[in-house]
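Reading the structure
Single-letter residue listing:
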Amino acid sequence: RLHNDKRLLTDLDEERWLAIYQTVSRERGRTSAIMLYRTARTVYEHHVRLRYIDRNSLLIIPETHDIKKAPASKKIIPAKQLPVLWNWMTTQAQPATRDFLMVGLFAGLRAGVIGGLQCKHVDPKKRTYTVPADAYGNKSKVLVEVPIPDILWDRVFAPRLESKRDSQEWVIPSAKKAGQPAVNVRGSLEGLRAATGIECSPHTLKRTFGSLAQLATGDALLVSRMLTHRASSTIKDVPAVTAGYIHYEEDPLRAGFNKAAEFILERCTAPIKTGHPNANS
């Protein structure tokens, strides 16, 4: 909608920008609104330096102005819906969507990281993926080497790396845009909802992974490391200072990932319960 607004920068006053910010935050999410705000503010600052305009209309609008951050969602996919989700992923979803969701469900990576998985960052010998510090979706802003669970290596990474063309940059390339990664599965998730009634987002998969990984390992600190959270983050029953001094080598992390992945797969491949509302989907 915004690109159709042809008014000059000087015509977009503080009130108008606040309305734009609130609209984008409501319809596209707070992160998108902040990114738009910062980009527009930079454009204004550039024009002010060149004296094309007198002032920056965005300087008086703080990024959180009149925008209340919604409480963090705690939604996960219930165990009874996992077989239905798995059936849809493996029989109806496009391969790129299937693999995108599998990485989220079995490794707990953020959507931005999954969409940016690059072949050059995969180490086939160690079976690890290196998330660069500046990778989109890497909130910790620290380089992280993530062990790839055996299930994901066998079902996603190995087949894709073996079949990839020499020029292919992305682990999961887009099925629609040549040379681009599969970064947006929202349309497919709408198809999932229509077919099964399951409402799911990439972050729902991350929360589901974290919850089931905790059940599988019983180690909150290990799960925190698997989710690539900052070492200083407070974990239930583990003070932040203590957490910062506890570190795992790769083997415990890999064991944790594999144990969690096997635990999740066991629930995904359980028979769909007769009489379940989505059993025939």
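Only a predicted model underlies this, so the values are computations on that prediction, with no experimental measurement involved.

The terminal C-alpha atoms of helix 4 (residues 95–107) lie 18 Å apart, and with 13 residues this matches the ideal 18 Å at 1.5 Å per residue to within 8%. For helix 4, the complete set of buried residues consists of A96, T97, D99, F100, L101, M102, V103, G104, L105, F106 and A107.

Core analysis: the biggest nonpolar cluster contains 60 residues, and L85, V103, F106, L117, L152 and F157 have the highest contact counts within it. Core analysis: the second largest hydrophobic core is formed by nine residues, I20, Y21, V24 and Y44 among them.

What follows is about the packing of aromatic side chains. Inspection of the entire model under this criterion finds three aromatic pairs. For the pair W153 and F157, a centre-to-centre distance of 6.3 Å together with 5° between the ring planes defines the contact as stacked. With W153 and F157 both in helix 6 (residues 150–163), this residue pair falls four residues apart, about one helical turn. Here the two residues W153 and F157 agree in accessibility, since each one is buried. When the ring of F209 is compared with that of F257, the centres are 5.9 Å apart and the planes differ by 25°; the resulting orientation is stacked. Taken as a pair, F209 in helix 8 (residues 202–217) and F257 in helix 11 (residues 250–268) lie far apart in primary sequence, 48 residues in all. Neither residue differs from the other here; F209 and F257 are each classed as buried.

All of the buried residues in helix 7 (residues 186–196) are L189, L192 and T196. Buried positions in helix 7, seen along its axis, are confined to an arc of 50° and lie on one side of it. Seen from the open side of helix 7, the exposed residues pointing more than 90 degrees away from its buried face are G187 and A194. Remark: G197 follows helix 7 within two positions and exhibits a positive phi of approximately 85°.

Moving on, we get to the pairing of strand 2 (residues 128–131). Alternating positions in strand 2 separate into two faces, T128 and T130 on one and Y129 and V131 on the other, with burial throughout. By the bridge criterion, two bridges tie strand 1 (residues 122–123) to strand 2 in an arrangement that is antiparallel. Along strand 2, the bridge assignment pairs V122 with Y129. Bridge count between strand 2 and strand 3 (residues 144–147): four bridges; the pairing is antiparallel. Across the sheet, V131 pairs through a bridge with V144, a residue of strand 3.

To continue, consider the confidence of the model for the protein. Note: predicted coordinates in regions of low pLDDT should not be interpreted at a detailed level. Of all residues in the protein, 72% have pLDDT values of 70 or greater, and the mean over the chain is 78. For the protein, per-element mean pLDDT is lowest for helix 10 (residues 240–245), which scores 48, and highest for helix 3 (residues 82–91), which scores 96. Low pLDDT (under 50) marks residues 63–71, which in the prediction has 14 contacts with non-local residues, meaning those over four places away or in another chain. In the model, residues 231–243 has pLDDT below 50 throughout and makes 16 contacts with residues more than four positions away in sequence or in other chains.

Okay, the pattern of salt bridges next. Summed over all chains, the structure comprises seven salt bridges. One salt bridge in this structure joins K75 and E199, with 3.6 Å as the shortest N-O distance. Of this pair, K75 sits in the loop between helix 2 (30–49) and helix 3 while E199 sits in the loop between helix 7 and helix 8, and the two are 124 residues apart along the sequence. R98 is paired through a salt bridge with D99; the nearest N and O atoms lie 2.9 Å apart. The class of R98 is partly exposed, set by a relative accessible area of 26%. Taking relative accessible area as the criterion, D99 reaches 1% and is therefore assigned buried. Within this structure, R98, D99 and R160 form a network of salt bridges that share partners.

Cut-off values and rules
Residue numbers here run from 1 along each chain, matching the order of that chain's written sequence. The predicted nature of this model means local features are confined to residues of pLDDT at least 70 and side-chain atom pairs, given and counted, to a pLDDT of 80 or more, with totals for whole chains, interfaces and linings taken over all residues. Only heavy atoms go into the side-chain values, all of them from the structure, while hydrogens and water stay out. Secondary structure elements are defined from DSSP: runs of H or I of at least 4 residues count as helices, runs of E of at least 2 residues count as strands, and each element is numbered from the N terminus. A helix is expected to span 1.5 Å for every residue after the first. The cut-offs for exposure are 20% and 50% of the maximum accessible area for each residue type, with area from a 1.4 Å probe on protein chains only; residues under the lower value are buried, those over the upper are exposed, and the others partly exposed. The term nonpolar core refers to a set of buried residues drawn from Ala, Val, Leu, Ile, Met, Phe, Trp, Tyr and Cys, joined through side-chain atoms within 4.5 Å. Ring pairs shown here join Phe, Tyr and Trp side chains whose ring centres sit within 6.5 Å, with only the six-membered ring taken for Trp; geometry is labelled stacked below 30 degrees between planes, edge-to-face above 60, and tilted in between. Of all possible arcs, the one meant is that of the directions from the helix axis to the C-beta atoms. Two strands make a pair as long as DSSP finds a minimum of two bridges between them. Per residue, pLDDT measures the predictor's confidence, with a range of 0 to 100. Throughout, a residue-residue contact means that at least one pair of heavy atoms, one from each residue, lies within 4.5 Å. Salt-bridge detection follows one rule: a side-chain nitrogen of Lys or Arg within 4 Å of a carboxyl oxygen of Asp or Glu.

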